[in-house]
Each structure stands twice: as C-alpha cells, then as structure tokens.
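Working through the structure, step by step
Listed below, chain by chain, are the residues.
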Amino acid sequence: MRTMTVTAQRGTHHRWYTPHWAAVLAAVVAGCVWLVVLPRMLVRLNPLTGDEPFYVMTALSLIREHTLDETRVYTIDRLFLSFYPPNPLPADWQGWSSFPNPLPPHAAHSRLPGLHTKHGLGLSLLIALPWALGGRLLTELTLLAIAVLVTANMALLASEAGAPPWLAALLAVALAVVMPIGPYAFLIFPELPAALALLYAVRRLTAPANARWQWLLAGLGIGFLPWLHQRFVFSAAVLGLVALGRLVQAWRQAADWHRPLWAVVPAALGGLGIVAYNLWLYGTPWENPADHAGFSGLVGTLNGAAGLLLDAQWGLWIAAPVTILALTALPWWLAADHSRAQLALAALAPYLILVAAYRVWWGEWGPPARYLVPVVPFAAGSLGAWLSRAHGWSARLGWLIGGLLWVWGAALTVVGYLDPQRFYHHPDGVNKLVKALTTSFGHDLSGWLVAYQFYHPSPVPLRLAAAALAASAVLLALALVGPPPTRQPSPQPLVSRYNEPSGG
C-alpha cells in the first residue's frame, strides 16, 4: 500500500513534467529574451534594409492598391517613405546612417507589363494584415510569435528523439536565442516561417496518428513553402509525396484514410498554385532564373558548401560551432527516431544542395547563415537523441565541449544584440562580431578567418586548408560523440491508429 501511495504521489508530482509543458516553457523563455531585445533591434535596424522593404512594399501594394503590379506604390505613391525616417535625419538618430532613397524595386523579369516583385509572395501575404493594423511593430510581434512556435516545435522534436522534458526545453532555448536563429526572429525574411513549416510537417508526417487539424496544418505548411521562396520547392515535393504515401497506405489498410487527405489537398493546391503563378508571371512553370544570381558549377558548389559552414562572415560554424556536434550526432537521432530523422534528411538534402550551388549562397545583406536558418532547428533532434543517451566520460566531455562551443556562439550573439548593425557584413572578409568580441580581450581573431564569398575571397590554398581543418574537427567530434548504442527502442511505425491523434 505504501509503495502504491508513493507511486501515486510521484505521478501527481510529475503530472506537469511532460514534453508539451517543456515546449511551452521553452517558448516562453525564448519569447521573453526576444521581447527584451526587440526595442534595441527596432532602433538600430531602422529603416528596413536588405530584402525586408521589398516584402513590405508587396504587402502595401496588396493592401492599398489591391494589385500585384507595384508600379504605383514605387513611382507615384512612394510608399517606402511610410517606413523611412524624415529627411534630414534627426540629431538623435541611431538607425542606419545611409540607405537607398528612392528605394529601387526588386523587379521580376516578367512577361507582364508593369512592375512585379521577384520575391516570393508568401511572406508578404503573411505580414499584410499585421502591417495594415499595426505597422512594423505588430509585424515584428507576428514574426516573434512564429519564432516562438519554432522554439516549441524544437522542444517537441527533441522529446520525440528521446530527450527528457528538461533537456528538450534547454536545447530548444539554447538553439533559438542565438545565431543563426535568434536575429532572424526580428527580421522580415522567409527563413523562420519556412523553418516552422518544415519542422511541423516532418513531425506530423511521421507521427503514428494525427487529428484532422494536425493533418491540415501540416498540409498548409507544405503547400506554403514554395510561396515563401521557390528554393523550398523540392523540400515541399518530398514532404508532399510522403503525405500522399500516408494516404495510400491508410487506404490500403482500410484505416481512417480520409484524415491524411486533409494534408494532401492543401499541399497539392499549394504546389499547383505556384506553378499557375509562374505561368501567369513568367509564362513557364518555373521561376525565371534571371531574377536571381544564378547557379555555380561543381567547383563553385563545393566552394559554396564550404562557405555555408566556414566563411569568415556568414559561415554557420563560425557563428554557431555547437552545430558541429549536432551534425556528428545524426546517427544517434537515426537510431532513436529513425522515421523522423530520415524524413528530415530527405527533405533538407535537396535544399542544401540547391543553396550550396546558388552563386550568392550567403544570402547577401543579412545576419550570418541566413539560408541555414530553416535547417538548424533540426539540430534539436540529433542533440536530444545523443545527450539523453550518452553516458560515462564521453558524455561528460561532450557536455563540456558542447557548452563551450555554445558559449562562443552566444557571446557573438550578445555582441550583435547590443549593436544589431554588427550582424550585417559587407563582403570584405571582416567579421564585425568576432572583431568586437576578441578585441575586447586584446586580440583580434577576425583576421584568422577565411572568406569564401566571391567578392573578397581568400586564396584557394587557404580555403582548402580551412576545409581540411574543419574536416579534422568533424572527425574529432565523431570520436567524441561515438556510435549510438546497438540496442535502441524500436521506432514507431509510420502508420498505426488513425483514430487516436497525438498532441502537438
């Protein structure tokens, strides 16, 4: 009787200690951090810069003129002045000291008369109502809400990989508030909305059961991905085919086959819609390549792949070296949560190849590792699978090294949060964040970094040496992480009870 009482008390004590409450906790903590930083971002990153004003101008054309032809909002109404500061700048101005005025449009090479944006419509559609109701502030809060949802899904992904709730929450917050994710929580870019769509779709398509609304949200996310940017079209196609496979499998098993239909229909409509939009705008089923910088050959793609990770200013491993451990822990995730990890890799692989081949793989004017922002949230799965199962000296050393690597990225992020303009780099090979951090200790380490972008590249031997050094670091990390245990819990079946939806 006493044992039963103690067990009951423990069950009551841990009633709130669940993955969903871990997700809520992580979301709240990350949201509070971002709200503290938000005023500084609004002051220093004013006016909108990079690609941000062009998404807003499309939204304003839809709101004010009810058309996708932006000729009037640029040339007659000059609506960019609505989010520009007064001219001359006030004496106490703390934003950008120079910016294009008038704002030159990013026009598509369209077959239609008039001026149409070359950027995806999805983000402009997403921010149109918030901007109409509350301008930049409400739009920023909307984007913060999306970042909060990404954080919650990271915590759930880590839990599904086997991490206990406390670890899932810790990993989600640790990855969310620092680079590369952290700065983009404030910016009008498609990366974090795409990350949310990818994360949620991967989680739900591999869940043993879903409610209709979960299927619907997953399908909407898949269908929306190409509208955010057409570089996500291949990832959306992979996820859409998996959703279709779930439908076919449920139909063959005489299960509740109509539930996956709630995902397949919006995913198919989104895909067909982007083809129809391209036919309308360009006269072809695909986007006009002239709208962007084009793609590299094999050598350029290899350079882009190395630059995505190692570039002095935009490389992921310069800004967030803890992701090296996330990469080497992938086998643990595959062993612990095979279906989910496998689908994530299948969806992300074509995207990674595409952005590596893109001539401006760094995304130009924006914080580091822009194009890897949709990929990094999946690190919660591999890190959660590894850190929750590793034991002994390797686990303790892994926590220590992982903590030190995270602290480096966090310190650089704090430098950027204190002065958000430092997140932005001219392609001169000088990392402002590293320079500001290391010169405070008397040594400027930014000169040791290697540039891969083509405006100011380091010599080829130096780039090859940096890649070799990075490969050595990966091998050391593999030795530290080690292989996963041979005995792992059996992965959940891809299809089971359709009548019992799982949460999240």
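That block above? That's the structure.
So, a few notes on the structure that sits alongside this text. (Residues numbered from 1 in each chain as written. Predicted model: local features only at pLDDT ≥ 70, side-chain atom pairs only at ≥ 80, totals over all residues. Heavy atoms only, no water.)

**Notes on the nonpolar core**
Core analysis: the largest hydrophobic core is formed by 144 residues, its most contacted members being Leu192 and Leu239. Ranked by the residues each element gives to this core, the list is headed by helix H5 (residues 121-160), at 15 residues. In this structure leucine 192 touches Ile146, Ala147, Val150, Ile181, Tyr184, Ala185 and Val373, once residues within four positions along its chain are discounted. (Core = buried A, V, L, I, M, F, W, Y, C linked by side-chain atoms within 4.5 Å. Buried < 20%, exposed > 50% of the residue type's maximum accessible area, 1.4 Å probe, protein only. Helix = DSSP H or I, 4+ residues; strand = E, 2+ residues; numbered from the N terminus. Contact = heavy atoms within 4.5 Å.)

**Description of the side chain of glutamine 214**
Inspection of the secondary structure assignment puts glutamine 214 in helix H9 (residues 212-228). By relative accessible area, glutamine 214 is classed as buried at 1%. At a separation of 2.7 Å, a polar atom in the side chain of glutamine 214 contacts the main-chain amide nitrogen of alanine 211. (Polar contact = N/O pair within 3.5 Å; in protein donor to acceptor, adjacent residues only side chain to side chain.)

**As for the environment of tyrosine 17**
Tracing the backbone through its elements, the reader meets tyrosine 17 in the loop between helix H1 (2-13) and helix H2 (19-44). When the C-alpha atoms of tyrosine 17 and leucine 45 are compared, they prove to be 39 Å apart, with 28 residues separating the residues in sequence. For tyrosine 17, the residues in contact, after removing those within four places along its chain, are Pro165 and Trp166.

**Structural notes on helix H10 (residues 233-252)**
Each α-helix winds once per 3.6 residues, and so residues spaced three or four apart point in a common direction. Its 20 residues place the ends of H10 28 Å apart at the C-alpha level, agreeing with the 28 Å of an ideal helix rising 1.5 Å per residue. Along H10, the residues classified as buried are Ser235, Ala236, Leu239, Ala243, Arg246, Leu247 and Ala250. Seen end-on, H10 carries its buried residues on one side only, within an arc spanning 120°. Facing away from the buried side of H10, by more than 90 degrees, are the exposed residues Leu241, Trp251 and Arg252. For H10, the elements touching its buried residues are helix H8 (191-205), H9, helix H11 (258-282) and helix H16 (338-357). Positive phi shows up at alanine 254, right after H10, with a value of about 55°. (Expected span 1.5 Å × (residues − 1). Arc of directions from axis to C-beta.)

**Here we look at the packing of helix H12 (residues 298-310) against H16**
Each packed pair of helices is defined by two parameters, the angle between the axes and the distance between the axes. Where H12 contacts H16, the two axes come as close as 7 Å, and the packing angle between them is 105°. Overall, the two elements H12 and H16 adopt an arrangement that is roughly perpendicular. Only Val355, Ala356 and Ala357 of H16 make contact with H12, whose side of the interface consists of Gly300, Thr301, Gly304, Ala305 and Leu308. Tallied by class, residues from the contact of H12 with H16 come to five nonpolar, three polar and no charged. (Axes fitted to C-alpha atoms, helices over the stretch in contact; angles between N-to-C directions. Parallel < 35°, antiparallel > 145°, perpendicular 65-115°, else oblique. Nonpolar A, V, L, I, M, F, W, Y, C, P; charged D, E, K, R; others polar.)

**What about the pattern of salt bridges?**
Counted according to the given criterion, the structure contains eleven salt bridges. With a shortest N-O distance of 3.1 Å, arginine 136 and glutamate 140 are connected by a salt bridge. Of this pair, arginine 136 and glutamate 140 both sit in helix H5, four residues apart, which is roughly one turn of the helix. Its relative accessible area of 16% is what places arginine 136 among the buried residues. Of the charged contacts in the structure, one is a salt bridge between arginine 231 and glutamate 191, with a shortest N-O distance of 1.9 Å. One end of the pair, arginine 231, is in the loop between H9 and H10; the other, glutamate 191, is in helix H8, with 40 residues separating them in the sequence. Through salt bridges with shared partners, a single network forms among Asp51, Glu191, Arg231 and Arg370. (Salt bridge = Lys/Arg side-chain N within 4 Å of Asp/Glu carboxyl O.)

**Re the packing of H8 against H10**
Two numbers describe how H8 lies on H10: the axes approach to 11 Å, and their chain directions differ by 25°. With respect to each other, H8 and H10 are oriented roughly parallel. In this structure, H8 crosses over H10, and the sense of that crossing is left-handed. Residues Leu198, Ala201, Val202, Arg204 and Leu205 of H8 lie in contact with H10, whose contacting residues are Ser235, Leu239, Val242, Ala243 and Arg246. Residue classes in the contact of H8 with H10 are distributed as seven nonpolar, one polar and two charged. (Left-handed = near helix turned anticlockwise from the far one by under 90°.)

**Topic: unusual backbone geometry**
A cis amide bond links asparagine 46 with the next residue in sequence, proline 47, at an omega value of 5°. Residue proline 102 is reached from asparagine 101 by a cis peptide bond, and omega for that bond is 10°. Following the sequence through the fold, proline 102 ends up in the loop between helix H4 (71-75) and H5. Its identity as a non-glycine residue notwithstanding, histidine 66 has a phi of 60°, on the positive side. When you line up the elements, histidine 66 lands in the loop between helix H3 (52-65) and H4. Located in the positive-phi region is glutamate 364, a residue other than glycine, with phi close to 60°.

**Notes on H9**
Helix length check: H9 (17 residues) gives 24 Å between terminal C-alpha atoms against 24 Å at 1.5 Å per residue, within 8%. Of the positions making up H9, those classed as buried are Gln214, Trp215, Ala218, Gly219, Gly221, Ile222, Gly223, Leu225, Pro226, Trp227 and Leu228. Structurally, H9 contributes buried residues whose contacts are with H5, H8, H10 and H11.

Functional significance is not addressed by these values, which are geometric in nature.
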